[in-house]
Amino acid sequence: SMKLVGKGFAHPRIKLTIRRADHAGDEERGLLEDMKLSSSANSRMVLDHLLRVQRAELALSSDGGRPDMAPALTQVGLLAKSCSGAVDMLGSWGSKSKVWLAVLEPPMVKRRKLGVWKDQEHYATEGKAIHAFDLLRVLSVTTCPNKDGAFVVRVQPSQGMQTTLTFFQTD
């Protein structure tokens, strides 16, 4: 019988994403193999997709869309560009604010930094970041088990001090 057990699941939403699993001749596949990432199959699929999109954007933005003229990026640089984007940041008293999360790279800064900006425009114009941490000071990035679509970034900005930032993915 289809009786309502609890009100929490009265209107469930399911997001279904279908992607081809054909990786024959995929140049990003080699990039991920070199990085020796220890991630689940789902994480690898999402990362594959992000890298493919980033490569296409770089190819189109350089010299009339010719892929052979695309600027050369390091593996870490390509990965950093692929993982930037709009997220919701959990603030005080449970408030959420839309922010832009990205990694700053040389020559913009001396050492790579994880930064949070008000929006993409502030990031693009090299505006002041809300938070900026040396990438080597990031202790962990983990999924939040009790919040769907959330991840937690633990950072140690200085000796003996730890900061935790919680972000939610946006569609």
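The notes below deal with the structure included here. In this numbering scheme, every chain counts its residues from 1 along its sequence in written order. It should be noted that, the model being predicted, local features are given only for residues of pLDDT at least 70 and side-chain atom pairs only at 80 or more, the latter also being counted only at that level, while totals for whole chains, interfaces and linings use all residues. Each side-chain value is derived from all of the structure's non-hydrogen atoms; neither hydrogens nor water enter the calculation.

With that settled, the discussion passes to the overall build of the protein. Helix and strand assignments come from DSSP, with helices taken as H or I runs of at least 4 residues and strands as E runs of at least 2, each series counted from the N terminus. Assigned secondary structure in the protein consists of 4 helices and 7 strands. Helices (α) and strands (β) of the protein occur, in sequence order from the N terminus, as α-α-α-β-β-β-α-β-β-β-β. Buried residues in the protein amount to 28% of all 171 residues. Note on contacts: a residue pair is in contact if any heavy atoms of the two residues lie within 4.5 Å. Put simply, of all contacts in the protein between residues at least 6 apart along the chain, 28% involve residues at least 24 apart. Here, Shrake-Rupley sampling with a 1.4 Å probe gives the accessible areas, and only protein chains in the shown set may cover a residue. Working note: accessible area of the protein is about 12,600 Å², and carbon and sulfur atoms make up 56% of it. Any residue under 20% of the maximum accessible area for its type is buried, any over 50% is exposed, and the rest in between are partly exposed; the area is computed with a 1.4 Å probe on protein chains only.

This next bit is on the nonpolar core. One broad rule of soluble globular proteins: the nonpolar side chains tend to lie buried together. Residues V99, L101, V116 and F167 are the most contacted members of the largest nonpolar core, which totals 13 residues. When contributions to this core are tallied by element, the ones reaching two or more residues are β1 (85-90), β2 (96-104), β3 (113-117), β6 (150-158) and β7 (161-169). Sort the elements by how many residues they give to this core and β2 lands first, with 3 residues. Beyond its immediate chain neighbours, meaning those up to four positions away, V116 contacts M89, V99, W100, L101, A129, I130, H131 and F167. Listed in part, the 7 residues of the second largest apolar core include A102, L104, V109 and W117. As used here, the term nonpolar core means buried Ala, Val, Leu, Ile, Met, Phe, Trp, Tyr and Cys residues forming a set that is joined through side-chain atoms within 4.5 Å.

This part is about the environment of T143. Within the secondary structure, T143 sits in strand β5 (residues 138-143). On the basis of relative accessible area, T143 is assigned to the exposed category, the value being 64%.

Below, the discussion takes up unusual backbone geometry. The phi torsion of most residues other than glycine is negative, and most of the peptide bonds are trans. With phi around 60 degrees, W93 is a residue other than glycine that occupies positive phi space. For W93, the location among the structural elements is in the loop between β1 and β2. You can call W93 exposed: its relative accessible area is 89%.

Pairing is antiparallel in the open sheet, where 7 strands are placed in the order β4-β3-β2-β1-β7-β6-β5. The open sheet has two free edges, formed respectively by β4 (131-134) and β5, since each of these has just one partner strand. Ignoring strand direction, the axes of neighbouring strands in this sheet form an average angle of 30 degrees. Two strands pair when backbone bridges link them, and β6 and β7 are joined in this way by 7 bridges, in the antiparallel orientation. Residue pairing for β7: S158 is matched across the bridge by M161. Paired strands are those between which DSSP finds at least two bridges. Angular values range over 0 to 180 degrees, each being the angle between N-to-C directions of two axes fitted as lines to C-alpha atoms, with helices fitted over their stretch in contact.

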